[in-house]
Amino acid sequence: MSELSVNHLLGIKYLNTKDIQLIFETADHFKEVINRPIKKVPSLRDITIANLFFENSTRTKLSFELAEKRLSADVINFSASQSSVKKGETLIDTVNNILSMKVDMVVMRHPNPGAGVFLSQHVDASIINAGDGAHEHPTQALLDSYSIRERLGDVKGKNVVIVGDILHSRVALSNIYALQLQGANVMVCGPKTLLPKYIKDLGVKVETDLLKALNWCDVANMLRVQNERMDISYFPSTREYTQQYGVNKTLLNSLDKEITIMHPGPINRGVEITSDVADSDQAIILDQVQNGVAIRMAVIYLLASKIKH
Ligand code: CP
(Lines give C-alpha, C1' and ligand atoms only; values in the text may rest on other atoms or scores of the structure.)
Protein backbone atom coordinates (compact mmCIF):
# COMPACT_ATOMS: atom_id res chain seq x y z
CA MET A 1 0.00 0.00 0.00
CA SER A 2 1.26 3.53 -0.79
CA GLU A 3 2.14 5.74 2.14
CA LEU A 4 3.74 9.13 2.72
CA SER A 5 7.51 9.29 3.19
CA VAL A 6 6.99 11.51 6.29
CA ASN A 7 5.27 11.13 9.69
CA HIS A 8 4.54 14.87 9.98
CA LEU A 9 3.65 17.59 7.45
CA LEU A 10 6.09 20.31 8.50
CA GLY A 11 6.77 21.82 5.09
CA ILE A 12 6.73 21.02 1.37
CA LYS A 13 10.55 21.00 1.67
CA TYR A 14 10.29 17.57 3.34
CA LEU A 15 8.02 15.98 0.68
CA ASN A 16 8.87 14.28 -2.60
CA THR A 17 6.98 14.10 -5.91
CA LYS A 18 5.37 10.75 -5.00
CA ASP A 19 4.05 12.20 -1.72
CA ILE A 20 2.33 15.02 -3.61
CA GLN A 21 0.91 12.59 -6.16
CA LEU A 22 -0.44 10.36 -3.36
CA ILE A 23 -2.00 13.34 -1.55
CA PHE A 24 -3.69 14.48 -4.79
CA GLU A 25 -5.04 10.99 -5.61
CA THR A 26 -6.39 10.66 -2.05
CA ALA A 27 -7.89 14.17 -2.27
CA ASP A 28 -9.64 13.18 -5.54
CA HIS A 29 -11.42 10.44 -3.57
CA PHE A 30 -12.35 12.76 -0.69
CA LYS A 31 -13.54 15.46 -3.10
CA GLU A 32 -16.02 12.93 -4.44
CA VAL A 33 -17.04 12.09 -0.84
CA ILE A 34 -17.71 15.70 0.15
CA ASN A 35 -19.94 16.19 -2.88
CA ARG A 36 -22.22 13.30 -1.78
CA PRO A 37 -25.44 13.97 0.17
CA ILE A 38 -23.75 12.30 3.19
CA LYS A 39 -20.37 14.04 3.29
CA LYS A 40 -18.81 11.97 6.05
CA VAL A 41 -16.72 8.78 6.24
CA PRO A 42 -15.97 6.78 9.42
CA SER A 43 -12.21 6.43 8.63
CA LEU A 44 -10.77 8.22 11.70
CA ARG A 45 -13.20 7.31 14.49
CA ASP A 46 -10.23 6.24 16.66
CA ILE A 47 -8.21 9.46 16.15
CA THR A 48 -8.25 12.66 18.25
CA ILE A 49 -6.89 15.86 16.72
CA ALA A 50 -6.03 19.15 18.45
CA ASN A 51 -6.10 22.36 16.38
CA LEU A 52 -3.72 24.82 18.03
CA PHE A 53 -3.92 28.32 16.58
CA PHE A 54 -1.44 30.81 18.03
CA GLU A 55 -2.18 33.21 15.14
CA ASN A 56 -5.45 34.35 13.52
CA SER A 57 -7.02 32.28 10.76
CA THR A 58 -10.35 31.96 9.00
CA ARG A 59 -9.90 29.59 6.04
CA THR A 60 -7.21 27.25 7.38
CA LYS A 61 -8.78 26.76 10.81
CA LEU A 62 -12.30 26.13 9.49
CA SER A 63 -11.01 23.96 6.66
CA PHE A 64 -8.97 21.71 8.98
CA GLU A 65 -11.85 21.41 11.43
CA LEU A 66 -14.28 20.50 8.68
CA ALA A 67 -11.82 18.01 7.16
CA GLU A 68 -11.36 16.34 10.57
CA LYS A 69 -15.13 16.14 11.16
CA ARG A 70 -15.75 14.76 7.66
CA LEU A 71 -13.30 11.97 8.57
CA SER A 72 -15.16 11.35 11.90
CA ALA A 73 -12.14 12.26 14.07
CA ASP A 74 -12.66 13.72 17.56
CA VAL A 75 -11.60 17.37 17.47
CA ILE A 76 -10.51 19.87 20.12
CA ASN A 77 -9.76 23.51 19.34
CA PHE A 78 -7.34 25.81 21.06
CA SER A 79 -6.88 29.51 20.47
CA ALA A 80 -3.85 31.20 22.08
CA SER A 81 -5.73 34.39 22.86
CA GLN A 82 -8.10 32.50 25.21
CA SER A 83 -5.53 30.17 26.79
CA SER A 84 -2.98 29.93 29.60
CA VAL A 85 -0.22 30.87 27.10
CA LYS A 86 -1.16 34.39 28.19
CA LYS A 87 -0.08 33.38 31.74
CA GLY A 88 3.44 32.43 30.57
CA GLU A 89 3.11 28.69 29.78
CA THR A 90 5.68 27.40 27.23
CA LEU A 91 4.70 25.86 23.88
CA ILE A 92 5.95 22.40 24.92
CA ASP A 93 4.12 22.52 28.28
CA THR A 94 0.92 23.66 26.55
CA VAL A 95 1.13 20.89 23.95
CA ASN A 96 2.13 18.17 26.44
CA ASN A 97 -0.85 19.07 28.62
CA ILE A 98 -3.09 18.68 25.59
CA LEU A 99 -1.41 15.43 24.54
CA SER A 100 -1.87 13.93 28.02
CA MET A 101 -5.57 13.97 27.17
CA LYS A 102 -4.69 11.27 24.56
CA VAL A 103 -4.41 13.39 21.42
CA ASP A 104 -2.91 11.69 18.33
CA MET A 105 -2.36 14.61 15.97
CA VAL A 106 -1.70 18.33 16.30
CA VAL A 107 -2.49 20.95 13.65
CA MET A 108 -0.60 24.10 14.57
CA ARG A 109 -0.39 27.67 13.29
CA HIS A 110 2.33 29.68 15.02
CA PRO A 111 4.00 33.07 14.37
CA ASN A 112 7.53 31.63 14.77
CA PRO A 113 9.22 30.02 11.74
CA GLY A 114 10.23 26.44 12.62
CA ALA A 115 7.69 26.07 15.45
CA GLY A 116 6.27 22.89 13.90
CA VAL A 117 9.71 21.30 13.45
CA PHE A 118 10.58 22.17 17.06
CA LEU A 119 7.36 20.65 18.33
CA SER A 120 7.81 17.45 16.31
CA GLN A 121 11.16 16.92 18.02
CA HIS A 122 9.73 17.26 21.53
CA VAL A 123 6.27 15.71 21.59
CA ASP A 124 4.90 12.30 20.67
CA ALA A 125 2.21 13.16 18.11
CA SER A 126 1.90 13.68 14.38
CA ILE A 127 2.30 17.41 13.63
CA ILE A 128 0.77 19.33 10.73
CA ASN A 129 2.10 22.83 10.09
CA ALA A 130 -0.85 25.16 9.38
CA GLY A 131 1.53 28.10 8.81
CA ASP A 132 4.69 29.02 10.75
CA GLY A 133 5.49 32.74 10.53
CA ALA A 134 6.88 33.72 7.14
CA HIS A 135 8.28 30.20 6.60
CA GLU A 136 5.90 27.54 5.19
CA HIS A 137 2.18 26.88 4.74
CA PRO A 138 2.26 23.42 3.18
CA THR A 139 -1.46 22.62 2.94
CA GLN A 140 -2.04 25.98 1.21
CA ALA A 141 0.58 25.13 -1.44
CA LEU A 142 -0.91 21.66 -1.90
CA LEU A 143 -4.43 23.01 -2.41
CA ASP A 144 -3.04 25.68 -4.76
CA SER A 145 -1.30 23.11 -6.99
CA TYR A 146 -4.34 20.82 -6.79
CA SER A 147 -6.52 23.72 -8.01
CA ILE A 148 -4.13 24.45 -10.92
CA ARG A 149 -4.24 20.74 -11.85
CA GLU A 150 -8.06 20.85 -11.72
CA ARG A 151 -8.32 24.02 -13.88
CA LEU A 152 -5.48 23.40 -16.37
CA GLY A 153 -5.19 19.57 -16.35
CA ASP A 154 -1.60 19.47 -15.07
CA VAL A 155 0.94 21.50 -13.13
CA LYS A 156 3.94 20.23 -15.09
CA GLY A 157 5.23 22.73 -17.68
CA LYS A 158 2.92 25.54 -16.54
CA ASN A 159 4.28 29.06 -16.00
CA VAL A 160 3.21 30.29 -12.57
CA VAL A 161 3.97 33.75 -11.22
CA ILE A 162 3.59 34.60 -7.53
CA VAL A 163 2.94 38.33 -7.21
CA GLY A 164 3.38 40.69 -4.27
CA ASP A 165 4.84 40.45 -0.79
CA ILE A 166 7.19 37.49 -1.27
CA LEU A 167 9.39 38.60 1.64
CA HIS A 168 6.79 37.97 4.36
CA SER A 169 4.94 35.10 2.68
CA ARG A 170 4.87 31.47 3.84
CA VAL A 171 2.50 30.81 0.93
CA ALA A 172 5.19 31.90 -1.56
CA LEU A 173 7.92 29.62 -0.20
CA SER A 174 5.68 26.54 0.04
CA ASN A 175 4.30 27.21 -3.44
CA ILE A 176 7.80 27.54 -4.92
CA TYR A 177 8.81 24.15 -3.46
CA ALA A 178 5.54 22.45 -4.48
CA LEU A 179 5.43 23.85 -8.02
CA GLN A 180 9.07 23.01 -8.70
CA LEU A 181 8.60 19.42 -7.43
CA GLN A 182 5.82 19.05 -10.01
CA GLY A 183 7.81 20.52 -12.91
CA ALA A 184 6.22 23.97 -13.18
CA ASN A 185 8.23 27.08 -14.12
CA VAL A 186 8.07 29.58 -11.27
CA MET A 187 8.50 33.36 -11.28
CA VAL A 188 8.14 35.83 -8.44
CA CYS A 189 7.11 39.43 -9.13
CA GLY A 190 6.94 42.39 -6.79
CA PRO A 191 8.74 45.55 -5.69
CA LYS A 192 12.45 44.91 -5.04
CA THR A 193 11.92 45.70 -1.34
CA LEU A 194 9.48 42.78 -1.02
CA LEU A 195 11.70 40.22 -2.79
CA PRO A 196 14.10 38.43 -0.40
CA LYS A 197 17.81 38.58 -1.34
CA TYR A 198 18.09 34.74 -1.40
CA ILE A 199 15.16 34.31 -3.81
CA LYS A 200 17.29 33.60 -6.94
CA ASP A 201 19.01 30.74 -5.05
CA LEU A 202 15.64 28.94 -5.11
CA GLY A 203 15.84 28.68 -8.91
CA VAL A 204 12.92 30.99 -9.68
CA LYS A 205 12.69 33.76 -12.28
CA VAL A 206 12.53 37.24 -10.77
CA GLU A 207 10.58 40.12 -12.36
CA THR A 208 9.66 43.58 -11.10
CA ASP A 209 7.41 44.50 -14.07
CA LEU A 210 3.91 43.06 -13.54
CA LEU A 211 2.87 43.36 -17.20
CA LYS A 212 5.91 41.33 -18.33
CA ALA A 213 5.13 38.72 -15.64
CA LEU A 214 1.48 38.44 -16.67
CA ASN A 215 2.43 38.11 -20.35
CA TRP A 216 4.75 35.20 -19.40
CA CYS A 217 2.46 33.23 -17.12
CA ASP A 218 -0.43 30.79 -17.35
CA VAL A 219 -1.32 31.37 -13.69
CA ALA A 220 -0.88 34.41 -11.42
CA ASN A 221 -1.10 33.82 -7.68
CA MET A 222 -1.79 37.21 -6.10
CA LEU A 223 -0.56 37.72 -2.54
CA ARG A 224 -1.74 40.13 0.11
CA VAL A 225 0.72 42.70 1.49
CA GLN A 226 1.30 41.46 5.04
CA ASN A 227 1.28 44.77 6.90
CA GLU A 228 1.10 42.93 10.24
CA ARG A 229 4.63 41.53 9.66
CA MET A 230 6.12 44.93 8.68
CA ASP A 231 7.70 47.37 11.08
CA ILE A 232 8.86 49.75 8.29
CA SER A 233 7.37 50.97 4.98
CA TYR A 234 8.42 48.82 1.99
CA PHE A 235 6.75 51.03 -0.66
CA PRO A 236 5.67 54.70 -0.78
CA SER A 237 1.88 54.20 -0.50
CA THR A 238 -0.85 51.59 -0.94
CA ARG A 239 -2.10 53.58 -3.97
CA GLU A 240 1.29 53.31 -5.67
CA TYR A 241 1.52 49.58 -4.82
CA THR A 242 -1.90 48.99 -6.42
CA GLN A 243 -0.91 50.94 -9.54
CA GLN A 244 2.20 48.83 -10.05
CA TYR A 245 1.28 45.40 -8.61
CA GLY A 246 -2.51 45.17 -8.49
CA VAL A 247 -4.47 43.22 -11.12
CA ASN A 248 -7.64 44.63 -12.63
CA LYS A 249 -9.84 43.58 -15.55
CA THR A 250 -8.44 46.22 -17.94
CA LEU A 251 -4.92 44.93 -17.38
CA LEU A 252 -5.97 41.28 -17.85
CA ASN A 253 -7.96 42.13 -21.01
CA SER A 254 -4.83 43.73 -22.50
CA LEU A 255 -3.03 40.35 -22.48
CA ASP A 256 -3.18 38.16 -25.59
CA LYS A 257 -4.37 35.09 -23.59
CA GLU A 258 -6.63 34.36 -20.64
CA ILE A 259 -4.64 33.56 -17.53
CA THR A 260 -5.88 31.90 -14.32
CA ILE A 261 -5.96 34.10 -11.22
CA MET A 262 -5.42 32.67 -7.74
CA HIS A 263 -5.33 34.17 -4.26
CA PRO A 264 -4.78 32.34 -0.94
CA GLY A 265 -6.97 34.83 0.96
CA PRO A 266 -7.68 36.92 2.84
CA ILE A 267 -8.18 39.31 -0.11
CA ASN A 268 -7.68 43.05 0.15
CA ARG A 269 -10.14 44.08 -2.55
CA GLY A 270 -8.94 47.11 -4.49
CA VAL A 271 -5.32 46.66 -3.36
CA GLU A 272 -3.72 43.56 -4.98
CA ILE A 273 -6.90 42.54 -6.86
CA THR A 274 -10.07 44.35 -7.95
CA SER A 275 -13.53 42.87 -7.41
CA ASP A 276 -14.16 42.51 -11.16
CA VAL A 277 -11.20 40.08 -11.27
CA ALA A 278 -11.73 38.35 -7.91
CA ASP A 279 -15.37 37.58 -8.73
CA SER A 280 -14.78 36.62 -12.39
CA ASP A 281 -14.58 33.16 -13.99
CA GLN A 282 -10.87 33.77 -14.51
CA ALA A 283 -10.35 33.55 -10.74
CA ILE A 284 -10.39 30.19 -8.95
CA ILE A 285 -10.22 31.66 -5.45
CA LEU A 286 -13.28 29.88 -4.06
CA ASP A 287 -12.28 26.62 -5.82
CA GLN A 288 -9.04 26.85 -3.83
CA VAL A 289 -11.02 27.13 -0.60
CA GLN A 290 -13.27 24.21 -1.56
CA ASN A 291 -10.30 22.04 -2.55
CA GLY A 292 -8.64 22.87 0.77
CA VAL A 293 -11.05 20.59 2.62
CA ALA A 294 -10.32 17.60 0.35
CA ILE A 295 -6.56 18.22 0.49
CA ARG A 296 -6.61 18.48 4.31
CA MET A 297 -8.74 15.33 4.56
CA ALA A 298 -6.12 13.56 2.43
CA VAL A 299 -3.17 14.81 4.49
CA ILE A 300 -4.82 13.93 7.81
CA TYR A 301 -5.95 10.52 6.56
CA LEU A 302 -2.51 9.61 5.18
CA LEU A 303 -0.66 10.77 8.32
CA ALA A 304 -3.18 9.05 10.62
CA SER A 305 -2.61 5.77 8.78
CA LYS A 306 1.03 5.95 9.96
CA ILE A 307 0.16 6.38 13.64
CA LYS A 308 0.74 3.20 15.64
CA HIS A 309 -1.77 2.66 18.44
N1 CP B 1 -4.95 31.29 3.32
C2 CP B 1 -4.93 31.35 4.66
O3 CP B 1 -4.04 30.80 5.32
O4 CP B 1 -5.99 32.03 5.22
P5 CP B 1 -6.24 32.16 6.79
O6 CP B 1 -5.14 33.01 7.36
O7 CP B 1 -7.61 32.78 6.91
O8 CP B 1 -6.19 30.77 7.38
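Residues numbered from 1 in each chain as written. Predicted model: local features only at pLDDT ≥ 70, side-chain atom pairs only at ≥ 80, totals over all residues. Heavy atoms only, no water.

Caption draft 1: Expanded view of the overall build of the protein. Across its full length, the protein holds eleven helices and nine strands. Relative to the 2.2 N^0.38 estimate, which gives 19 Å for 309 residues, the radius of gyration of the protein is 19 Å and therefore close to what a compact globule would have. Projected onto the principal axes, the alpha-carbon positions of the protein cover approximately 55 × 45 × 35 Å. Contacts spanning at least 24 positions in sequence make up 74% of the contacts within the protein whose residues lie at least 6 apart. Approximately 14,000 Å² of the protein is accessible, and the part contributed by carbon and sulfur atoms is 49%. Across the protein, the 34 positively charged side chains and the 34 negatively charged ones have centroids separated by 1 Å. (Helix = DSSP H or I, 4+ residues; strand = E, 2+ residues; numbered from the N terminus. Rg over C-alpha atoms; globule rule 2.2 N^0.38 Å. Contact = heavy atoms within 4.5 Å. Areas by Shrake-Rupley, 256 points an atom, 1.4 Å probe, with all protein chains shown as cover. Lys, Arg positive; Asp, Glu negative; His and termini not counted. Charge placed at Lys NZ, Arg CZ, Asp CG, Glu CD.)

Caption draft 2: Main features of the pattern of salt bridges. One pass over the structure, following the stated rule, counts seven salt bridges. For Arg170, the salt bridge is made with Glu55, and the minimal N-O distance between the two is 3.0 Å. Here the residue Arg170 occupies a position in helix H6 (residues 170-181), and Glu55 occupies one in the loop between strand E1 (48-53) and helix H2 (59-70), the gap between them amounting to 115 residues. Each member of the pair, Arg170 as well as Glu55, carries the same accessibility label: buried. (Salt bridge = Lys/Arg side-chain N within 4 Å of Asp/Glu carboxyl O. Buried < 20%, exposed > 50% of the residue type's maximum accessible area, 1.4 Å probe, protein only.)

Caption draft 3: Broad picture of the sheet that holds strand E6 (residues 185-189). The five strands lie next to each other as E7-E6-E5-E8-E9, forming an open sheet whose pairing is parallel. The sheet is open, and its two borders are formed by strand E7 (205-207) and strand E9 (260-262), each paired with just one other strand. The average angle at which neighbouring strand axes cross in this sheet is 20 degrees, direction not considered. Lying on the sheet, helix H5 (residues 138-152) is in contact with strand E5 (159-163), strand E8 (219-222) and E9; it crosses E9 at an angle near 160 degrees. (Pairing = 2+ DSSP bridges. Axes fitted to C-alpha atoms, helices over the stretch in contact; angles between N-to-C directions.)

Caption draft 4: Representation of the site of the ligand within the structure. In the vicinity of the ligand, the contacting residues are Ser57, Thr58, Arg59, Thr60, Arg109, His137, Gln140, Pro264 and Gly265. Burial of the ligand by the protein amounts to 90% of the accessible area it has alone, namely 260 Å². When its residues are assigned to classes, the shell around the ligand shows one nonpolar, six polar and two charged. (Near = heavy atom within 4 Å. Nonpolar A, V, L, I, M, F, W, Y, C, P; charged D, E, K, R; others polar.)

Caption draft 5: The packing of aromatic side chains, seen in detail. Inspection of every chain in the model, using the stated rule, returns four aromatic pairs. Across the ring face of Phe64, the terminal group of Arg296 is positioned such that the distance to the ring centre comes to 4.9 Å. (Phe/Tyr/Trp six-rings, centres within 6.5 Å; stacked < 30°, edge-to-face > 60°. Lys NZ or Arg CZ within 6 Å of the ring centre and 35° of its normal.)

Caption draft 6: Highlighting the side chain of Gln282. With respect to the element layout, Gln282 can be found in the loop between helix H10 (275-278) and helix H11 (285-304). Its relative accessible area of 5% is what places Gln282 among the buried residues. Only 3.0 Å separates the side chain of Gln282 from the backbone oxygen of Ile259, close enough to count as a polar contact. Not counting residues up to four positions away in its chain, the partners in contact with Gln282 are Arg151, Lys249, Leu252, Glu258, Ile259, Thr260 and Ile261. (Polar contact = N/O pair within 3.5 Å; in protein donor to acceptor, adjacent residues only side chain to side chain.)

Caption draft 7: The sheet that holds strand E4 (residues 126-132), seen in detail. In space, the four strands of this open sheet follow the order E2-E1-E3-E4, with parallel pairing throughout. Every other strand in the sheet has two partners, leaving strand E2 (74-79) and E4 as the edge strands with one partner each. Across the sheet, the mean angle from the axis of one strand to that of its neighbour is 15 degrees, orientation sign disregarded. Here E1 pairs with E2 via six bridges, running parallel. Bridge assignment links Phe53 to a residue of E2, and that residue is Ser79. Contacts from helix H3 (residues 91-99) reach E1, E2 and strand E3 (105-110) within the one sheet, and its direction differs from that of E3 by about 150 degrees.

The values reported here are purely geometric and, on their own, carry no functional implication.
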